[in-house]
Amino acid sequence: MVSMESKGPTHTSISELESHLGYLLRRVSNAVSDEFARSLQFRRTSVAEWVLLRHLWDLGHATPGEMAEALTMTRGAISKIVDKLQSKGWIRSRIKPEDNRVQLLSLTGAGRRVVPELAEIADRNDEKFFACLDGDEKTALRHLLSKLASHHQIREIPVE
């Protein structure tokens, strides 16, 4: 009796792995993100802590709920990050004068000094990975990635 089972791979034509934009984007994204996370470890800081600090830099102050909404994180996750940053002396929490039930988070002096240092780490990481692109290419890449994020309503803030 002759078996009808196929021996070996079928020869159906499929696209090459490298032809998938998502695959290439993921490879680059992982490399950029992983290197940044490693660089932040020298300052004993996580990407999530950097993102929260950077947002507070722009806002001046915010409630934990506002930070959770802005960073698309749970209040519990924000609370853990806040605890770590407070233990480092980089942020403080005070009661909102108009409503003593509400906490306001803000950068301390030490926090205001460390944010530019962390921003420099982020800038160096970008330079390392994107120096091969000229100004027009960087602008085009930023535009295309922003367009994709907007079109697909991607609002989550990357913190890992």
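Structure report, in brief. (Residues numbered from 1 in each chain as written. Predicted model: local features only at pLDDT ≥ 70, side-chain atom pairs only at ≥ 80, totals over all residues. Heavy atoms only, no water.)

### Topic: the nonpolar core
Operational definition: Here, nonpolar core means buried Ala, Val, Leu, Ile, Met, Phe, Trp, Tyr and Cys residues that are tied together by side-chain atoms lying within 4.5 Å of each other. A simple rule labels every residue: compare its accessible area, found with a 1.4 Å probe on the protein chains alone, to the largest value its type can have, and call it buried under 20%, exposed over 50%, or partly exposed in between. Only DSSP runs of H or I reaching four residues or more are called helices, and only runs of E reaching two or more are called strands; each is numbered from the N terminus. We call two residues in contact whenever any of their non-hydrogen atoms come within 4.5 Å of each other.
If you look at the biggest cluster of nonpolar residues, it comprises 29 residues, and the most contacted ones within it are W50, L52, L53, L56, M67 and I78. Looking at this core, the elements with two or more residues in it are α1 (21–41), α2 (47–59), α3 (64–70), α4 (75–87), β3 (99–107) and α5 (109–130). Setting aside chain neighbours within four positions, we find W50 in contact with F36, L40, T45, V115, L118, A119 and A122.

### Some points on the layout of surface pockets
In plain terms, the rule: Site definitions follow a grid-based scheme: protein atoms alone, a 1 Å grid, a 1.4 Å probe that fits but cannot get out for cavities, and for pockets an open set with protein on both sides within 12 Å along at least five of seven lines, plus lining residues having an atom within 4 Å of a point. Grid points are joined across faces, edges and corners, and a volume is the space filled by probe spheres set on the points. Three classes are used: nonpolar for Ala, Val, Leu, Ile, Met, Phe, Trp, Tyr, Cys and Pro, charged for Asp, Glu, Lys and Arg, and polar for all others, with Gly counted as polar.
Of the volumes computed, that of the largest pocket is approximately 1900 Å³. Around the largest pocket sit 38 residues that line it, and S29, V32, F130, L145 and P158 are the ones nearest its centre. Contributions of two or more residues to the lining of the largest pocket are made by α1, α2, α5 and α6 (135–151). Ranked by residues supplied to the lining of the largest pocket, first place goes to α1 with ten residues. Each residue belonging to the lining of the largest pocket can be placed in one class, and the counts come to 22 nonpolar, eight polar and eight charged.

### Concerning the pattern of salt bridges
The condition that has to hold: Here a salt bridge means any side-chain nitrogen of Lys or Arg lying within 4 Å of a carboxyl oxygen belonging to Asp or Glu.
Applying the stated criterion across every chain yields a total of nine salt bridges. The salt bridge involving K88 is made with E49; its shortest N-O contact spans 2.6 Å. Of this pair, K88 sits in the loop between α4 and β2 (91–96) while E49 sits in helix α2, placing them 39 residues apart in sequence. Classification of K88 as partly exposed rests on a relative accessible area of 29%. One salt-bridge network, held together by shared partners, links E35, R38 and K128.

### Let's talk about unusual backbone geometry
One non-glycine residue with positive phi stands out, namely R44, at about 55 degrees. Mapped onto the elements, R44 comes out in the loop between α1 and α2. Unlike most non-glycine residues, T72 shows phi in positive territory, near 50 degrees. You can see T72 is positioned in the loop between α3 and α4.

The quantities given are spatial measurements derived from coordinates; they are silent on function.
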